[in-house]
Amino acid sequence: MGGPSQKAPIASNDKTTTHPPASALQSFLAAHAPASNSIYPSAIHYLTLQIAHNLRYQHNWRDIRLHTRPASIISTTPKQSPSRPLLSGLPPRRVYTHPDEQIDILQTHKTQQKQQSKESTSTTSTASIPPEPVAQREWVLPSHIREKWTLRHFGAAFDGISAEPNPSEGERNRAEFVAIAERWRKDAPKRVLLATVHEDSTVVYYIIHDGIVKPRQN
């Protein structure tokens, strides 16, 4: 009996292997490599960029910014909060509405409807829904599903941020932005979106408040 037949090699060594083109996310990460003097681990840097890419191209957020904490804060509290930058951005619509603001919107809309009914000469009533609240800039805290967060970690993250990220000039000039910022968010508990990347690269967002808040009205 003869020996086993030899199969031809799948690819010869003298040919260059052709790789598929890089995805949009891979190209984005490659174009924004961490600086050599970065205070954050490269894994955290790329995790943050992955979430920024998801916010921009999957959820249509605008004006996304990267916020870094001073190295002195990170070095003095290594056990309190996993060192990482934060993101902020403007979503296409409101992410969270305070229950008191929700009630005020409904009452204001009801009052306006009554006033319009009195001033209108038509006998037919036109039903309408309350206007959607204007979008607000949000904090985003990057994380991975394998990380173990504690209340101390979240507390340290809240201590390092203001109630609301600094608005852009365009946002600052909006009259409705000034009214909402002064009336509802200034004295409300701080909040962040905890962006958690899963093993399959899916990003899930959770709203986290710094303290107890009233339940939303259904």
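Residues numbered from 1 in each chain as written. Predicted model: local features only at pLDDT ≥ 70, side-chain atom pairs only at ≥ 80, totals over all residues. Heavy atoms only, no water.

As annotated in an unreviewed UniProt entry, the chain is tRNA-splicing endonuclease subunit Sen15 domain-containing protein from Dissoconium aciculare CBS 342.82. Its UniProt record gives the chain the following Sequence similarities (unreviewed entry) comment, quoted word for word: "Belongs to the SEN15 family." (UniProt positions renumbered as here; feature names shortened; annotations may be inferred.)

Now for the sheet that holds strand E1 (residues 62-67). Adjacent strands of a sheet form backbone hydrogen bonds with each other and so pair up, either parallel or antiparallel. Taking strand neighbours across the sheet as the criterion, the five strands line up as E1-E2-E3-E4-E5 in an open arrangement whose pairing is mixed. Lying at the two open borders of the sheet, with one neighbouring strand each, are E1 and strand E5 (203-209). Recorded for the sheet is a direction-independent mean angle of 30° between the axes of neighbouring strands. Sheet topology places strand E2 (residues 86-90) next to strand E3 (residues 138-144); three bridges connect them, and they run antiparallel. (Pairing = 2+ DSSP bridges. Helix = DSSP H or I, 4+ residues; strand = E, 2+ residues; numbered from the N terminus. Axes fitted to C-alpha atoms, helices over the stretch in contact; angles between N-to-C directions.)

The phi dihedral of Asn-60 is positive, around 60°, even though this residue is not glycine. For Asn-60, the location among the structural elements is in the loop between helix H2 (42-58) and E1. Although it is not a glycine, Asp-63 adopts a positive phi angle of roughly 50°. Note that Asp-63 resides in strand E1. We classify Asp-63 as partly exposed; its relative accessible area is 37%. (Buried < 20%, exposed > 50% of the residue type's maximum accessible area, 1.4 Å probe, protein only.)

Within the secondary structure, Ser-88 sits in strand E2. Look at Ser-88 and you get buried, because its relative accessible area is 1%. Among the polar contacts listed, one links the side chain of Ser-88 to the side chain of Arg-137, at a separation of 3.3 Å. When residues no more than four places from it in sequence are discounted, the contact partners of Ser-88 are Asp-63, Ile-64, Arg-65, His-67, Arg-137, Glu-138, Trp-139 and Pro-165. (Polar contact = N/O pair within 3.5 Å; in protein donor to acceptor, adjacent residues only side chain to side chain. Contact = heavy atoms within 4.5 Å.)

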